[in-house]
Amino acid sequence: MAATLRIQSDWSQALRRDEGEAWLSCRSPGKPTLYGSLTRRGLSTEGVPDIAASEGFVVREVTKKSILISCPHENVSTKFLAPYTTFCRIHQKSITCLDISSGGGLGVSTSTDGTMKIWQAANGEIRRLLEGHVYDVNCCRFFPSGLVVLSGGMDAQLKIWSAEDASCVVTFKGHKGGILDTAIVDRGRNVLSCSRDGTARLWDCGKSACLGVIADCGSPVNGIAVGTADNSLNLGTPEKAPSEREIGTEGKILLLAREDKKLQGVGLQSRQPVFLFIGSDAFNCCTFLSSTYILAGTQDGNIYQLDVRNTNIPIQVIHRSGAPVLSLLPYRDGFIASQGN
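Residues numbered from 1 in each chain as written. Predicted model: local features only at pLDDT ≥ 70, side-chain atom pairs only at ≥ 80, totals over all residues. Heavy atoms only, no water.

## What to know about a nonpolar patch on the surface
Together, Ile95, Leu98 and Ile100 line one region of the surface with nonpolar side chains, adding up to about 270 Å² of accessible area. Counting through the fold element by element, Leu98 comes out in strand E8 (residues 95-100). (Patch = residues over 30% accessible without salt bridge, like charges linked within 9 Å, V, L, I, M, F, W, Y side chains within 5 Å. Areas by Shrake-Rupley, 256 points an atom, 1.4 Å probe, with all protein chains shown as cover. Salt bridge = Lys/Arg side-chain N within 4 Å of Asp/Glu carboxyl O. Helix = DSSP H or I, 4+ residues; strand = E, 2+ residues; numbered from the N terminus.)

Written out as structure tokens, the structure reads:
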């Protein structure tokens, strides 16, 4: 496994000041961690910070928004990007989930401060406070329209909200434990949820009804993702004709990231198992890279890339640190991962 370069989380703030300092570390599996620091000595004539590294590290490139650091001893380099914008006043405590509307104008987020808020993505101005869940809200996401929000909480309730006036237009009840993740099918006439009760359920938004239990795993389901399956994949046949209220479930596969170290694929319309992969620890999250390639992250820091047509052996296992992998997001030709460190 490759060495990992780290820099303290608030490095961009620390290096804005003359003689500001930020801490560095380079960790390679099986070897002692190397520690060092960065110090700002001033500004160049172009207005770019002049940054020096302590022994064992080299500053390769500095711009106003990024810094490239290498550790020659471990033959590793990493570019660190400063945030373009920071919103400090939306929540008072840690943010547990967030989403941005399809048009990019609005954000929605939940926090351990017990609140769920909608805000302007451009400036962080709070637009709406969404109140109605009992206990913590675990997950939130915009519908494709960008005008409606879906949320799930520890009260086992799934709710749909108007982003325009903060009203709760629908509440779904049926889960026996806290809801941990959600997914939206196509344009949103159907939605999905998973729970600590071990089930994943399909809901009809128009009738405010549960259309069925897609899977009952016997173990908490921490994350789900829905995607169009590769044509060569056998998704199984439904035991009974699907409800006419099911819209867009045909040809879809549902991924289940389970607490019992299992990543499962289920035919969304058929409710039939497609694959079952056993990982190194509890799976926290999953996502589709394409109709054939998927990603899933575990509590012990592994990111598995799998081909849904043959999940016997992973395409690759990425391990940058032992911190839990909490979320995964496809981005351009790769992906973004967040970890609990």
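## Regarding the pattern of salt bridges
Tallied over the entire structure, the rule returns ten salt bridges. Across the pair Arg258 and Asp260 runs a salt bridge, and its minimum N-O distance is 2.7 Å. Residue classification places Asp260 among the partly exposed residues on the basis of a relative accessible area of 26%. (Buried < 20%, exposed > 50% of the residue type's maximum accessible area, 1.4 Å probe, protein only.)

## Looking at the packing of aromatic side chains
Per the stated rule, a full pass over the model turns up six aromatic pairs. An aromatic cluster of three or more residues is present, and its members are Phe277, Phe283 and Tyr304. (Phe/Tyr/Trp six-rings, centres within 6.5 Å; stacked < 30°, edge-to-face > 60°.)

## Re the pairing of strand E22 (residues 262-267)
For E22, the buried fraction is high: five of the six residues fall into the buried class. Pairing analysis gives five bridges linking strand E21 (residues 252-258) to E22, with the strands arranged antiparallel. When the sheet's bridge partners are listed, Leu256 is paired in E22 with Gln264. In textbook terms, the turn of a hairpin is the stretch between consecutive antiparallel strands, and for E22 and strand E23 (residues 273-278) this stretch comprises five residues, one of which, Arg271, has a positive phi near 65°. (Pairing = 2+ DSSP bridges.)

## Points about the domain arrangement of the protein chain
Interface extent is often summarised as the accessible area lost during association of the parts. For the protein chain, the domain assignment lists domain 1 (4-81), domain 2 (89-173) and domain 3 (180-340). Relative to domain 3, the C-alpha centre of domain 1 lies at a distance of 38 Å. (Domains from an automatic or database assignment.)

## Details of the UniProt feature "repeat: WD" (unreviewed entry) in the protein chain
As annotated by UniProt and renumbered to match this structure, "repeat: WD" (unreviewed entry) occupies residues 88-129, 130-171 and 172-204. Between the end C-alpha atoms of residues 130-171 the distance is 13 Å, and the span holds 0% helix and 52% strand. (UniProt positions renumbered as here; feature names shortened; annotations may be inferred.)

## Quick word on the side chain of Asp230
In this structure, Asp230 sits in the loop between strand E20 (221-228) and E21. Despite its burial, Asp230 pairs with no opposite charge; the closest candidate is Arg309, at 4.6 Å N-O. Reaching out from Asp230, the side chain makes a polar contact with the side chain of Ser232 at a distance of 2.4 Å. In this view, Asp230 contacts Ser291, Thr292 and Arg309; residues no more than four positions away in its chain are not counted. (Lys, Arg positive; Asp, Glu negative; His and termini not counted. Polar contact = N/O pair within 3.5 Å; in protein donor to acceptor, adjacent residues only side chain to side chain. Contact = heavy atoms within 4.5 Å.)

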